[in-house]
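Chain residues, written in single-letter form:
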Amino acid sequence: MVSAVPAPERSALSIAQRQFDATADALGLDDALRAVLREVKRELVVHFPVEMDDGSFRVFTGFRVQHNIARGPAKGGLRFHPAMSLDDARALAMYMTWKAAVVGLPFGGAKGGVVCEPRALSVSELERLTRRFTTEISLIIGQDRDIPAPDLGTGPQVMAWIMDTLSMHAGFSVPASVTGKPTAIGGSEGRYAATGRGLSIVTVQAMRDRGIDPSGARVAVQGFGKVGAVCADLLTAAGMTVIAVSDSSAGLHRGAGLDLAALHALKEEGGSFADYGGADRIGNDELLTLDVDLLVPAALEAQITRHNADQVRARVIAEGANAPVDPDADLVLNDRGVLILPDILVNAGGVVVSYFEWVQDIQAYFWAAGEVNSRLREVMVRSYEQVNARATAEGIPLRDSAYRIAVEKVAEATEVRGIYP
Ligand code: GLU
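Residues numbered from 1 in each chain as written. Predicted model: local features only at pLDDT ≥ 70, side-chain atom pairs only at ≥ 80, totals over all residues. Heavy atoms only, no water.

A. Molecular detail of the sheet that holds strand β6 (residues 218–222). The sheet built from 7 strands is open, its strands ordered β9-β8-β7-β6-β10-β11-β12 with mixed pairing. Taken across any chain shown, the strands that pair with only one partner, and hence form the sheet edges, are β9 (280–282) and β12 (339–341). Ignoring strand direction, the axes of neighbouring strands in this sheet form an average angle of 25 degrees. Where β6 and strand β7 (residues 241–246) come together, 5 bridges link them in parallel fashion. (Pairing = 2+ DSSP bridges. Helix = DSSP H or I, 4+ residues; strand = E, 2+ residues; numbered from the N terminus. Axes fitted to C-alpha atoms, helices over the stretch in contact; angles between N-to-C directions.)

Right, here's the structure in full:
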């Protein structure tokens, strides 16, 4: 997205811990459990050389962090991004623990990544980087231990190289060691679109529940990647009109609705929104504060903060990205009655279908797209209804409700297992 929003002022982990602390207070969690759950369990930092195409070597830094594995193997994406940090990996790993718990998956939370600009690397440099990074973190990942998946800057091809590297080390194919793979090697139907699909299922239902007619609703989407581009299409299919989108080069606005097919075609040709002439250009702050019914921040964290929260005019915000609304902004928006569909619920579709992929790989028995999508719908609707019911019963925002449900499950698992030795 366009860089008009100031950088976050607090560390990502301290923001994640602040949300956890508020939940622990509300649940009256005992001190020992609280101390365990507010820290990450395990973190690995690696520095590794990669041969560049010109024969030189560069040393890259990568991370893999596991926050909690009380409910099952660690699960979470790998991010290739120049601003990736250990602090981000810790916070995002903690979000993954809550996300898996709130939708009832038997996983703990992890996250990792490499500090790099993948778009500045050739395909062969990216492959060498991925394979060496995989080898470095193979100390702690694996199908029963910690299963990576795509995140910002990674996708099916990177997952294929990870699967192949781990399989070459094992001497046989280990498809369940990573999810978000191409279907040719054990990927699941429906995985690519799963986050956007889950988001649109929950968003449409939540709008209807509050008497907001999805048909004709105006939408702004920040980010046009795996999440933003897919949900722009699916929200349109649900009758909404997408009037603004952005990528990292530019924001686009057209009051009568954007030509999404033209924007997909532009992206497929490797173009960026800065090259597009069919709409007005807008800045990032303008996109986030447009007069729309629904805003979908689907790019990076900390996009809506105390600096711009009071200017946001959307009635509903669906958090496609992880942590795009920080806790200060949350308070402002809740006070103003803006409905926030929290990340750990609304963008959980990706990890839900990752779970389906892992199950299919382990059973070596694969499902048709229709079955994947209908099971995804079932999980998303059931989880939303649980979160919504508790929010109503306790008179709290959906985020607080989702956190209470998730933290309770992880706390119960941690407690019943006991502290070893
Ligand atoms: N990176 C995605 C997320 O943040 C997906 C993780 C997964 O599928 O394991 O939820």
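B. Region of interest: the packing of aromatic side chains. In the structure shown here, the tally under the stated rule is 10 aromatic pairs. Between Phe-20 and Trp-98 the ring centres are 5.6 Å apart and the planes differ by 5 degrees, which places this aromatic pair in the stacked class. Of this pair, Phe-20 sits in helix α1 (residues 12–27) while Trp-98 sits in helix α3 (residues 86–102), and the two are 78 residues apart along the sequence. For the residue pair Phe-20 and Trp-98, the accessibility class agrees, reading buried in each case. With centroids separated by 6.5 Å and ring planes inclined at 75 degrees, the aromatic side chains of Phe-80 and Phe-133 adopt a geometry described as edge-to-face. Residue Phe-80 is located in strand β3 (residues 74–81), and its partner Phe-133 is located in helix α4 (residues 123–137); the two are separated by 53 residues in the primary sequence. Exposure class is identical for Phe-80 and Phe-133. Each is buried. Across the ring face of Phe-273, the terminal group of Lys-267 is positioned such that the distance to the ring centre comes to 4.7 Å. (Phe/Tyr/Trp six-rings, centres within 6.5 Å; stacked < 30°, edge-to-face > 60°. Buried < 20%, exposed > 50% of the residue type's maximum accessible area, 1.4 Å probe, protein only. Lys NZ or Arg CZ within 6 Å of the ring centre and 35° of its normal.)

C. View of the site of the ligand. Around the ligand, a shell composed of 14 residues is seen, among which Lys-75, Lys-99, Pro-150, Asp-151 and Ser-354 lie nearest. Here Arg-191 contributes a side-chain N or O atom positioned 3.1 Å from an oxygen atom of the ligand. About the coverage of the ligand: the protein hides 93% of its 300 Å² of free accessible area. Taken together, the residues of the shell around the ligand sort by class into 4 nonpolar, 5 polar and 5 charged. (Near = heavy atom within 4 Å. Polar contact = N/O pair within 3.5 Å; in protein donor to acceptor, adjacent residues only side chain to side chain. Areas by Shrake-Rupley, 256 points an atom, 1.4 Å probe, with all protein chains shown as cover. Nonpolar A, V, L, I, M, F, W, Y, C, P; charged D, E, K, R; others polar.)

D. Representation of the sheet that holds strand β1 (residues 42–51) within the structure. If you walk across this open sheet you meet the 5 strands as β1-β2-β4-β3-β5, and the pairing is mixed. A single partner strand is all that each edge strand has here, and the edge strands are β1 and β5 (146–150). Here the average twist between neighbouring strands, direction ignored, is 25 degrees. Relative to strand β4 (residues 108–115), strand β2 (residues 57–68) is paired through 6 bridges, and the arrangement is antiparallel. Paired with Arg-64 across the strands is Gly-112, a residue of β4. Across the sheet, α3 is in contact with β1, β2, β3 and β4; its angle to β4 comes to roughly 150 degrees. (Contact = heavy atoms within 4.5 Å.)

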